[in-house]
Amino acid sequence: MTHTVLVTGVSRHIGARVASVLAADPDISRVIGVDTVPPPSLTRDGGIPLGRTEFVRVDLRSPDIAGVFAAADVDTVVHMSLVSAPSRSTGRAAMKEHNVIGTMQLLGACQRSATVRRVVVRSTTAVYGSSPRDPAVFTEDLEPPDSPSHGYAKDAVEVEGYVRGFARRRPDVSVSLLRFVNFMGPGVDSPLTRYFTQPVLPTVLGFDPRLQFVHEDDAVEVLRRTATEDHPGTFNVAGAGVLLLSQCVRRAGRPALAMPSPAFQLLGNVARGAGLVEYSPEQLRLMRHGRAVDTGALESELGWRPKFTTAAAFDDFLSSRGLHAVGGARW
């Protein structure tokens, strides 16, 4: 039986959904959600109801997180708190501190805890980068030809290094490292979902990248399973199949504007500076070269596969936004 689960990042959509699902599990005695700001459901701004989740306001960069472990006898940790884009008010330096230093502090608390027996960490397939020299499909043991050198992807690479170090130091703890493709679904608000809701979708001339998505329902289910069962290892998480960017554009019923790569990058810099759509360097590379991953290891380990394919996840997102191809056509 799982006694006390600590979930980080509960003020964001997926983190709140994970905490809510775990709090509804009668086999879990206690769920503690931590974040730097209260979840929307606690501030009357809507959001996911957290049920019996106990919210604790704490910054993972501070040593205060150790006090939560000491007071609650935490035995399972679900780390959802990685930030994929800097806020306009704090910037890239604060984002890196939150992601990397925050994870170090959290793992340090896990290291010192005598009760922790399971740790689940949300990572990203962005650790593989996006390059013209990439393999057709990444498996978990493949090294990327061009390792990410900055931004969210580099943060994730560093975080994964600390997680592997923790797993070596604490072999008694089951550690699951989950590399998710881009989340997609009605409740997801991300740089990529905001991109697809623009009136005109800029693309890079001469490129038609392959994209993969995971539906938020399937992402939550993977996190629930790894939080309540021992599934140690590193796993890619994605819906079956791929979509070309051109297919996504047609399914969304939006006009595309193909532009040379330098112009696309300039547009991205302008949009980012104006606070419109977040064109991070990782997203700019993804829009050129794409990425595809193999999920066989996850399906074999869990004896389960996502209910939504990549295409179905994208269609559900489009439906929730009232977007569809003219005539309802699908490619």
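Keep in mind it's a predicted model, so treat the numbers as computed, not measured.

Things to note about helix α3 (residues 91-112)
Okay, step 1: With 22 residues, α3 should reach 32 Å at 1.5 Å per residue; the first-to-last C-alpha distance of 31 Å fits that figure.
Okay, step 2: Those residues of α3 that sit buried are G91, M95, H98, N99, V100, G102, T103, L106, L107, G108, A109 and C110.
Okay, step 3: The inward-facing, buried residues of α3 abut β1 (4-8), α2 (65-72), β4 (76-79), β5 (118-124) and α4 (151-169).

So, the environment of T203
Okay, step 1: Inspection of the secondary structure puts T203 in strand β8 (residues 201-204).
Okay, step 2: Taking the relative accessible area as the measure of exposure, T203 reaches 11% and is therefore buried.
Okay, step 3: Put simply, T203 and M259 are 56 residues apart on the chain and 6.2 Å apart in space, counted from C-alpha to C-alpha.
Okay, step 4: Residue contacts for T203: discarding those within four places in its chain leaves Y195, L245, A256, L257, A258, M259 and F264.

Digging into a nonpolar patch on the surface
Okay, step 1: There is a patch of nonpolar side chains on the surface, built from I101, M104 and Y162 and spanning about 240 Å² of accessible area.
Okay, step 2: Tracing the sequence through the fold places Y162 in helix α4.
Okay, step 3: Given the relative accessible area of 34%, Y162 is considered partly exposed.

Let's talk about helix α9 (residues 281-289)
Okay, step 1: What α9 keeps buried is the set E282, Q283, L284, L286, M287 and R288.
Okay, step 2: Note on α9: the residue one or two positions beyond its end, G290, has a positive phi of about 65 degrees.

What about the sheet that holds β4?
Okay, step 1: Read from one edge of the open sheet, seven strands run β3-β2-β1-β4-β5-β6-β11, paired in parallel fashion. If you trace the sheet from one side to the other, it starts and ends with β3 (54-57) and β11 (233-237), each paired once. Each strand axis lies, on average, 20 degrees off the axis of its neighbour in the sheet, ignoring direction.
Okay, step 2: Note: β1 against β4, three bridges, orientation parallel.

Quick word on the nonpolar core
Okay, step 1: The biggest cluster of nonpolar side chains holds 37 residues, and the ones touching the most others in it are V7, V18, L22, V78, L178, F180 and L223.
Okay, step 2: For this core, the secondary-structure elements that each account for two or more residues are β1, α1 (13-23), β6 (174-180), α6 (216-228), β11 and α10 (296-302).
Okay, step 3: When residues of this core are assigned to their parent elements, the largest contribution, six residues, is made by α1.
Okay, step 4: Ignoring any residue separated from it by four or fewer positions in sequence, one finds F180 in contact with R122, S123, T124, T125, V214, A219, L223 and V237.
Okay, step 5: In this structure, I65, V74, A109 and L177 belong to the second largest nonpolar core, which totals 28 residues.

Some details on the packing of aromatic side chains
Okay, step 1: Using the criterion set out here, one finds seven aromatic pairs in the structure.
Okay, step 2: When the ring of F180 is compared with that of F183, the centres are 5.2 Å apart and the planes differ by 55 degrees; the resulting orientation is tilted.
Okay, step 3: Here F183 falls in the buried class, since its relative accessible area comes to 12%.
Okay, step 4: Where F196 meets F314, the ring centres are 4.9 Å apart and the plane angle is 70 degrees; that geometry is what we call edge-to-face.

With respect to the pattern of salt bridges
Okay, step 1: All chains considered together, the criterion is met by 19 salt bridges.
Okay, step 2: In this structure, E158 engages K96 in a salt bridge whose closest nitrogen and oxygen atoms are separated by 2.7 Å. Taken together, the residues E158 in helix α4 and K96 in helix α3 connect sequence positions 62 residues apart.
Okay, step 3: Accessibility expressed as a relative area gives 29% for K96, which makes it partly exposed.
Okay, step 4: One salt bridge in this structure joins D172 and R117, with 3.5 Å as the shortest N-O distance. Here the residue D172 occupies a position in the loop between α4 and β6, and R117 occupies one in the loop between α3 and β5, the gap between them amounting to 55 residues.
Okay, step 5: A relative accessible area of 41% places D172 in the partly exposed class.
Okay, step 6: Overlapping salt bridges, with partners in common, bring together K96, K154, D155 and E158 in one network.

Cut-offs applied
Residues numbered from 1 in each chain as written. Predicted model: local features only at pLDDT ≥ 70, side-chain atom pairs only at ≥ 80, totals over all residues. Heavy atoms only, no water. Helix = DSSP H or I, 4+ residues; strand = E, 2+ residues; numbered from the N terminus. Expected span 1.5 Å × (residues − 1). Buried < 20%, exposed > 50% of the residue type's maximum accessible area, 1.4 Å probe, protein only. Contact = heavy atoms within 4.5 Å. Patch = residues over 30% accessible without salt bridge, like charges linked within 9 Å, V, L, I, M, F, W, Y side chains within 5 Å. Areas by Shrake-Rupley, 256 points an atom, 1.4 Å probe, with all protein chains shown as cover. Salt bridge = Lys/Arg side-chain N within 4 Å of Asp/Glu carboxyl O. Pairing = 2+ DSSP bridges. Axes fitted to C-alpha atoms, helices over the stretch in contact; angles between N-to-C directions. Core = buried A, V, L, I, M, F, W, Y, C linked by side-chain atoms within 4.5 Å. Phe/Tyr/Trp six-rings, centres within 6.5 Å; stacked < 30°, edge-to-face > 60°.

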